Amino acid sequence: MTPPDQPLTLPATPGPVGVFDSGYGGLTILRQIRQLMPAYDYLYLGDNARAPYGAHSFEVVYEYTRQAVELLFARGCHLVVLACNTASAKALRTIQQNDLGRLDPTRRVLGVIRPTVETLGSLTRTRHVGILATAGTVNSRSYELEIHKLYPDITVSQMACPMWVPLVENYEFDSPGADYFVRKRVEGILRADPEIDTLVLACTHYPLLMNKILKYTPPGVRIVPQGEYVASSLRDYFQRHPEMDAQCTKGGHCHYLTTEAADKFAESATLFMHEPCEAERVQP
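This section reports on the structure supplied with the text. Just so it is clear, the model here is predicted, and its values are computed rather than measured.

## Describing empty space enclosed by the protein
Thinking step 1. Across all of its chains, the model carries one cavity of 30 Å³ or more by this definition.
Thinking step 2. In this structure, the largest cavity encloses a volume near 50 Å³.
Thinking step 3. Around the largest cavity, the lining comprises 13 residues; the ones closest to its centre are Leu45, Asp47, Arg50, Ala68 and Thr259.
Thinking step 4. For the lining of the largest cavity, the leading source of residues is helix H2 (residues 58-74), giving four residues.

Quick look at the structure:
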């Protein structure tokens with residue numbers, strides 16, 4: 001990878017929309033984006049060899065995320081979506097403020113936290129919201145800070161769910177063994193604040209646990225997965241920024257990159273995307 005103080009030579013021609021995640025979870029975002037905007041080309045990168053990101057430090061997550069953004073830019077992407085809450089929480093702002101000027105000031109990197117937060121004002125009635133996330137996202141306080149910027153009256157409770165990502169990554173998301181870990185966290189956050197009426201799944205892996213989450217969530221509590229809101233926000237972004245829309249090719253194609261074994265990624269990605277997926281291995 002190029003050192004952070006060195007310029008990159010990037011292709012100037014239009015290219016696909018880049019989507020990055022530490023592993024497979026971002027595929028839940030990509031699927032929703034493709035459903036809403038099927039005409040665009042997409043390039044997905046999963047850093048599966050170094051996943052999960054949730055327990056890594058800010059410095060390490062930033063370094064890994066910067067490398068991923070540079071790779072996607074070098075592959076022709078003019079816009080990259082960080083479809084990873086941990087990367088959005090720990091790296092997005094630094095990349096936007098410190099790296100885009102060096103890489104290419106006309107390119108953009110967007111996250112998943114702001115689009116999710118923007119929806120909450122119209123969703124919660126009690127003004128009490130719960131955030132279920134990785135330890136990294138919880139410790140960053142990114143959701144709490146963003147929510148209070150837009151909605152100072154909303155009370156935010158957070159709970160880390162350290163076993164949820166491993167359950168998904170190891171295909172145990174629908175197994176009987178997942179019930180204990182899901183029930184413990186859902187009941188725990190609702191016990192901490194019984195007035196919560198909106199639970200945000202602030203990790204892109206968590207929608208795969210939706211059946212279990214709904215099983216232990218009482219009626220009247222809304223579950224907020226991120227995919228549809230991020231997809232809608234991206235569509236609105238392109239409408240507001242036609243100059244960026246013009247830099248995104250529209251052939252309806254999707255290509256997958258992984259830092260792990262390509263066949264392993266393709267097998268798992270097929271489960272997430274509900275269609276055959278072929279992958280290319282790249283160096284982390």
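On we go.
## Focus: the side chain of Ser22
Thinking step 1. Tracing the backbone shows Ser22 in the loop between strand E1 (17-21) and helix H1 (26-36).
Thinking step 2. On the basis of relative accessible area, Ser22 is assigned to the buried category, the value being 5%.
Thinking step 3. For Ser22, the contacting residues outside a window of four places in its chain are Gly46, Asp47, Asn48, Ala51, Tyr53 and Cys84.

## Re the nonpolar core
Thinking step 1. Residues Leu27, Leu132, Trp164, Val186, Leu209 and Phe238 are the most contacted members of the largest nonpolar core, which totals 52 residues.
Thinking step 2. Setting aside residues no more than four positions away along its own chain, Val186 makes contact with Leu132, Trp164, Leu199, Ile213, Tyr216 and Thr217.
Thinking step 3. Leu72, Ala91, Leu103 and Val282 belong to the second largest nonpolar core, which has 26 residues in total.

## What about the pairing of strand E3 (residues 79-82)?
Thinking step 1. Alternating residues of E3 divide into Leu79 and Val81 and Val80 and Leu82, and every residue in both groups is buried.
Thinking step 2. Note: E1 against E3, three bridges, orientation parallel. Bridging from a neighbouring strand, Gly18 pairs with Val80 of E3.
Thinking step 3. Pairing of E3 with strand E4 (residues 108-110), which is carried by three bridges, proceeds in the parallel orientation. Paired with Val80 across the two strands is Val109, which belongs to E4.

Cut-offs used in this document
Residues numbered from 1 in each chain as written. Predicted model: local features only at pLDDT ≥ 70, side-chain atom pairs only at ≥ 80, totals over all residues. Heavy atoms only, no water. 1 Å grid on protein atoms, 1.4 Å probe; cavity = no way out; pocket = protein on both sides within 12 Å on 5 of 7 lines; lining within 4 Å. Points joined across faces, edges and corners; volume = space filled by probe spheres on them. Helix = DSSP H or I, 4+ residues; strand = E, 2+ residues; numbered from the N terminus. Buried < 20%, exposed > 50% of the residue type's maximum accessible area, 1.4 Å probe, protein only. Contact = heavy atoms within 4.5 Å. Core = buried A, V, L, I, M, F, W, Y, C linked by side-chain atoms within 4.5 Å. Pairing = 2+ DSSP bridges.

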